[in-house]
Amino acid sequence: MSTASVAHTPQNVTLLGATGSIGANTLDVLARHPDRYSVFALTAHRATARLADLCLRYSPRYAVMADQDAAKELKRLLREGHCSTTVLAGHQALCDVARDAEVDVVLAAIVGAAGLKPTMAAVLAGKKVLLANKEALVMTGQIFMDAVETSGCCLMPIDSEHNAIFQSLYRSDQRVEMAGVRRVLLTASGGPFRHMPVERLETVTPDEACIHPVWSMGRKISVDSATLMNKGLEVIEARWLFNVSPEQIEVVIHPQGIVHSMVDYVDGSVIAQLGNPDMRIPIAHALAWPERMVSGASALDLLGVSSLSFERPDVERFPCLTLGYQALEAGNAMPAVLNAANEEAVAAFLDGKLGFRRIADVVAATMGRGGWQPAETLEAVLETDARARDFARWEISKRKKV
Ligand SMILES: NC(=O)c1ccc[n+]([C@@H]2O[C@H](COP(=O)([O-])OP(=O)(O)OC[C@H]3O[C@@H](n4cnc5c(N)ncnc54)[C@H](OP(=O)(O)O)[C@@H]3O)[C@@H](O)[C@H]2O)c1
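Keep in mind that what you see is a predicted model, and the values were worked out from it rather than measured.

## Description of the pattern of salt bridges
Working step 1: Tallied over the entire structure, the rule returns 34 salt bridges.
Working step 2: Here Lys-353 and Asp-351 are joined by a salt bridge, their closest N and O atoms 3.6 Å apart.
Working step 3: For Lys-353, a relative accessible area of 39% translates into the label partly exposed.
Working step 4: Here the salt bridges do not stand alone but share partners, grouping Glu-343, Glu-344, Asp-385, Arg-389, Asp-390 and Arg-393 into one network.

## Thoughts on the packing of aromatic side chains
For any pair of aromatic rings, the description consists of the separation of the ring centres together with the inter-plane angle of the planes.
Working step 1: According to the stated counting rule, one finds five aromatic pairs in the structure shown.
Working step 2: Seen from their ring centres, Phe-349 and Phe-356 are 5.6 Å apart, and the 65 degrees between their planes marks the pair as edge-to-face. Here the two residues Phe-349 and Phe-356 agree in accessibility, since each one is buried.
Working step 3: Between the aromatic rings of Phe-391 and Trp-394, the centroid separation amounts to 5.7 Å while the plane-to-plane angle is 50 degrees, which identifies the pairing as tilted. Here Phe-391 and its partner Trp-394 are both found in helix H17 (residues 378–398), three residues apart, which amounts to about one turn of the helix.

## Examining the sheet that holds strand S6 (residues 128–131)
Working step 1: One open sheet accounts for seven strands, arranged S4-S3-S2-S1-S5-S6-S7; its pairing is parallel. Each edge of the sheet is formed by a strand with only one pairing partner; in this case those strands are strand S4 (86–89) and strand S7 (154–157). Across the sheet, the mean angle from the axis of one strand to that of its neighbour is 20 degrees, orientation sign disregarded.
Working step 2: Pairing analysis gives four bridges linking strand S3 (residues 62–65) to S4, with the strands arranged parallel. Opposite Ala-63, over in S4, you have Val-87 as the bridge partner.

## Looking at the side chain of Asn-342
Working step 1: If you trace the backbone, Asn-342 turns up in helix H15 (residues 334–350).
Working step 2: Setting aside anything within four residues of it in sequence, one finds Asn-342 in contact with Lys-220, Asp-224, Met-229, Ile-359 and Val-363.

## Topic: H17
Working step 1: Over its 21 residues, H17 extends 30 Å from the first C-alpha to the last, a length consistent with the 30 Å expected when each residue adds 1.5 Å.
Working step 2: The complete set of buried residues in H17 reads Leu-378, Val-381, Thr-384, Asp-385, Ala-388, Arg-389, Phe-391, Ala-392, Glu-395 and Ile-396.
Working step 3: Considering only its buried residues, H17 is in contact with helix H5 (116–124), helix H6 (134–140), helix H7 (142–151), H15 and helix H16 (358–368).

Thresholds applied
Residues numbered from 1 in each chain as written. Predicted model: local features only at pLDDT ≥ 70, side-chain atom pairs only at ≥ 80, totals over all residues. Heavy atoms only, no water. Salt bridge = Lys/Arg side-chain N within 4 Å of Asp/Glu carboxyl O. Buried < 20%, exposed > 50% of the residue type's maximum accessible area, 1.4 Å probe, protein only. Phe/Tyr/Trp six-rings, centres within 6.5 Å; stacked < 30°, edge-to-face > 60°. Helix = DSSP H or I, 4+ residues; strand = E, 2+ residues; numbered from the N terminus. Pairing = 2+ DSSP bridges. Axes fitted to C-alpha atoms, helices over the stretch in contact; angles between N-to-C directions. Contact = heavy atoms within 4.5 Å. Expected span 1.5 Å × (residues − 1).

Structural data, given as structure tokens:
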């Protein structure tokens, strides 16, 4: 076998959400391969100092702050640092750097619904899109996948579970084949409260919820992991990415976080992807696919992993997982309603305005309100998102912590 290295023309990468946890992992991987990747644009919301540091280090062509005032501050910092990066501001600019003709790859790592429009801009422009921003796909489902199909965009999952499933599927001529798949098995660590007495869940704090036993992540996804809503969102994500029915998606608690997910075939074979819990693995896989490249993650020491265990999720304790399945079964705009209510409830919890256990109550009440119309266009989804947020905020105000 030849060991000669392959020469690559560097690909231009736009990193949406560069100042976050996925952003940091992505930049770490990109920095290991300057011959293969060039940073075209970095974006953030308000973390000006952090984005300024990244611009000085990676010299992107563009830096975008979603917030206008933050952009002025970034310009000042970059002038002081003699950095030639052009600073842009606002949501339109996020879309512009995602669809720019010179961009090859877009890493969609903005958290929440705020990432929908720029992610969609990249999809519609036919880019290679590495999707971490699961909320964008959960909200739009069929609309998103139709756009992928029409534009010919290469969509790669960054969520470690979906990336594991992608890696465990049979491939012919670079096409992922679903024939012969009985189920996909999504693994979940179970979060920090797996064994906590249910009464104690009433008083857990945001900081307790954000200490994840396996992964180090942004605060919103950490709370989603603690409620298991993250797994509910991932069930919906799997349905669209792999065109499987809700009955074909099973969630399994696997506290060690070594088996990242599995595919169960009709002949009884189960193919899994294993590795240390390190987001640089799916990021490097998706960037280099169909090749492989170094990610910076350490090799898995199987002998050091004393056991691999699997359990059924406790849906009484964590109703958000069931809500995820219910939203998928209901279809139409319900996943967008679930997502909007969850984003509002998690923000209120992180602000100390809502109890941990009330997050599920707010989501259930918002979904149960009735009258949610089908949303068949992006604009209709965004209208539903706005209405669901209004309703969820009202539900939150009724349950406000005193
Ligand atoms: N972290 C993980 O290991 C992991 C794993 C799988 C999937 N994901 C998914 O990846 C996404 C990012 O997660 P994360 O943990 O990296 O989140 P994070 O650490 O909170 O980072 C979020 C990023 O989005 C930006 N952002 C927030 N609100 C924005 C807005 N309104 N407009 C524009 N940009 C905005 C933030 O900018 P500022 O810094 O300026 O606020 C930051 O760059 C989420 O959808 C999450 O579910 C994450």
